Amino acid sequence: MKFLDYFQINVTTEHAETPAPRDKKYSLQAPRRRSMNDDIQDDFVAIDFETMTSCLTSACAIGMAKVIDGEIVQEFYSLINPIRDKHTDKEPNRKIHGISLVSAEKANTFAELFEGVRLFISGLPIVCHNKSADIAILEQLMDFYGLSGINTSTAICTYSLTGKSLSECCKEYGIKKERHHNALWDAEACAKIYLELIGKPIINQGGSPIFGKNSPMAATRNIDKTHRHRLDDDQIKEKDSIFYNSTVVITGVFEGFESRDELALRLQSLGAKITSSISKKTTHVLVGSDAGPKKIEKIRQLQAEGHPIVLLREHEFEKLI
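*Asks:* Sorry if this is basic, but what is going on with the pattern of salt bridges here?
*Replies:* For side chains of opposite charge, pairing can occur when their charged atoms come near one another. Counted by the stated rule, this structure contains nine salt bridges. Residue Arg118 is joined to Glu115 by a salt bridge in which the shortest nitrogen-to-oxygen separation is 2.5 Å. Separated by three residues within a single helix, Arg118 and Glu115 lie in helix 4 (residues 110-121), roughly one turn from each other. Its salt-bridge partner being Glu172, residue Lys164 comes within 2.4 Å of it at the nearest N-O pair. Through salt bridges with shared partners, one network takes in Arg84, Asp89 and Glu105.

*Asks:* How should I be thinking about the environment of Leu197 in this particular structure?
*Replies:* Its location among the elements puts Leu197 in helix 8 (residues 183-197). For Leu197, the residues in contact, after removing those within four places along its chain, are Thr158, Leu161, Thr162 and Tyr173.

*Asks:* What's the story with the pairing of strand 1 (residues 44-51) in this structure? I'm lost.
*Replies:* Side-chain direction in a regular strand flips from residue to residue, so the side chains alternate between the two faces of the sheet. In terms of burial, strand 1 is a largely internal element, eight of the eight residues being buried. Burial along strand 1 is two-sided: the residues Phe44, Ala46, Asp48 and Glu50 and Val45, Ile47, Phe49 and Thr51 are all buried. Sheet topology places strand 1 next to strand 2 (residues 59-68); eight bridges connect them, and they run antiparallel. Within strand 2, the residue paired with Ala46 across the bridge is Ala65. Of the strand pairs in this sheet, strand 1 and strand 4 (residues 126-128) are connected by two bridges, and their pairing is parallel.

*Asks:* What exactly am I supposed to notice about the sheet that holds strand 3 (residues 71-79) here?
*Replies:* Either a parallel or an antiparallel arrangement is found when strands of a sheet pair, and the pairing is made through backbone hydrogen bonds. Taking strand neighbours across the sheet as the criterion, the five strands line up as 3-2-1-4-5 in an open arrangement whose pairing is mixed. If you trace the sheet from one side to the other, it starts and ends with strand 3 and strand 5 (156-157), each paired once. Sitting on the sheet, helix 8 is in contact with strand 1, strand 2, strand 3, strand 4 and strand 5, with an inclination near 140° to strand 1.

*Asks:* Explain the nonpolar core to me, please; I cannot follow it from the model alone.
*Replies:* Note on soluble globular proteins: their nonpolar side chains tend to be buried together. Counting 25 residues, the largest nonpolar core has Phe49, Met64, Phe110, Ile126 and Ile150 as its most contacted members. When residues of this core are traced back to their parent elements, those giving at least two are strand 1, strand 2, helix 4, strand 4 and helix 5 (131-145). Of all the elements, helix 4 adds the most residues to this core, at six residues. Beyond its immediate stretch of four places on either side in the chain, Ile126 contacts Val45, Ile47, Ile121, Ile135, Leu138, Ile150, Asn151, Thr154, Ala155 and Ile156. Formed by 15 residues, the second largest nonpolar core is a distinct cluster that contains Ile250, Ala264, Leu267 and Leu270.

*Asks:* Just checking my understanding: could you explain helix 10 (residues 293-304) for this structure?
*Replies:* Spacing of three or four residues puts side chains on the same side of an α-helix, whose turn is 3.6 residues. Along its 12 residues, helix 10 runs 17 Å from first to last C-alpha, staying within 8% of the 16 Å computed at 1.5 Å per residue. Along its buried surface, helix 10 packs onto strand 8 (284-287) and strand 9 (310-313). Gly306 sits one or two residues past helix 10 and shows a positive phi near 100°.

*Asks:* When you look at the packing of aromatic side chains in this model, what are you seeing that I'm missing?
*Replies:* The description of an aromatic ring pair uses the distance of the two centres, along with the angle that the planes make with each other. Scanning the model with the defined rule gives six aromatic pairs in all. Ring-pair connections join several aromatic residues into one group, and the members of that group are Phe49, Phe110 and Phe114. Seen from the ring of Phe120, Lys66 lies directly overhead, with NZ or CZ sitting 4.9 Å from the centre.

*Asks:* Got a minute to help me understand the state of the cysteines in this structure?
*Replies:* In protein chemistry, a disulfide is the covalent bond that joins the sulfur atoms of two cysteines. Here the structure, examined in full by the defined rule, presents zero disulfides. Free cysteine Cys170: the closest other cysteine sulfur is in Cys169, separated by 7.1 Å. Cys128 supplies the cysteine sulfur nearest to Cys190, a cysteine that is in no disulfide, at a spacing of 6.3 Å. A relative accessible area of 1% means that Cys190 is categorised as buried.

*Asks:* Sorry, what's going on with unusual backbone geometry here?
*Replies:* The phi torsion of most residues other than glycine is negative, and most of the peptide bonds are trans. In this structure, Glu91 takes a positive phi of about 50° despite not being glycine. We note that His181 has phi near 75°; this positive angle belongs to a residue other than glycine. Along the chain, His181 falls in the loop between helix 7 (166-172) and helix 8. The exposure class assigned to His181 is partly exposed, which follows from its relative accessible area of 29%.

Thresholds applied
- Residues numbered from 1 in each chain as written.
- Predicted model: local features only at pLDDT ≥ 70, side-chain atom pairs only at ≥ 80, totals over all residues.
- Heavy atoms only, no water.
- Salt bridge = Lys/Arg side-chain N within 4 Å of Asp/Glu carboxyl O.
- Helix = DSSP H or I, 4+ residues; strand = E, 2+ residues; numbered from the N terminus.
- Contact = heavy atoms within 4.5 Å.
- Buried < 20%, exposed > 50% of the residue type's maximum accessible area, 1.4 Å probe, protein only.
- Pairing = 2+ DSSP bridges.
- Axes fitted to C-alpha atoms, helices over the stretch in contact; angles between N-to-C directions.
- Core = buried A, V, L, I, M, F, W, Y, C linked by side-chain atoms within 4.5 Å.
- Expected span 1.5 Å × (residues − 1).
- Phe/Tyr/Trp six-rings, centres within 6.5 Å; stacked < 30°, edge-to-face > 60°.
- Lys NZ or Arg CZ within 6 Å of the ring centre and 35° of its normal.
- Disulfide = S-S within 2.5 Å.

Below, the structure written as structure tokens:
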């Protein structure tokens, strides 16, 4: 018997023989509203559209990522029933994003989605990669349906800021291209790129199945004591490294290293001292996926107090070495 069959049989039996327990009474409180940082530069909505044809009015998908205080706090994705043109039935862009006309025509129109989109943006600045396309799509859709209420005049374009394609930016900043041309994924990538550009990269958005609990490194987070101390000068290979005489903390999971000991040994050979906790003496923090939230909070606190702690992600560390 399969586990799921066994589970379903037992659940059915228990429900049949055991009366449902009375609902427990809890002391409930309204949600708390945490105050936001004074810096509004990292509050915005990243947006991306996919179209069915070359006409900008043929939007067939929308993705949005809302960023508050430098963290993605909310996401929105929907297919859109596209405004038709002479190329619609040929689905020319399906080979790019994989969205079929059959699927799109079962979705809501942009007019039906608009109020939700407007409320999601809520007056925040819009960020997109290639403003001449995404903002033009938004404006043409609003014009076609006679809609208003979304300000596009303050839109920020990460393509104009970098001069590079989304793929090139993802490569430069170590953002994995998992679902390029999925509107939500592209919006997330755009948000991460903009945060990189303003010096507030996302460094704690949780782990992934590849780098999470089942990764080789997850079981070897501890660092041997012999790999923590600073080596004598005659044992250090590269004294011109930025890690010479540095104090480094390693947090999170790293794709290219089997263990933290391997990372620690490499840093030790460059003249670093490895510690386990963030302090005023910390000079660098090597941050992987699923980084410890308490460590990140401590880093932000010390940085705000004026301590110049440098954060390095895995792709940046690899470039340096």
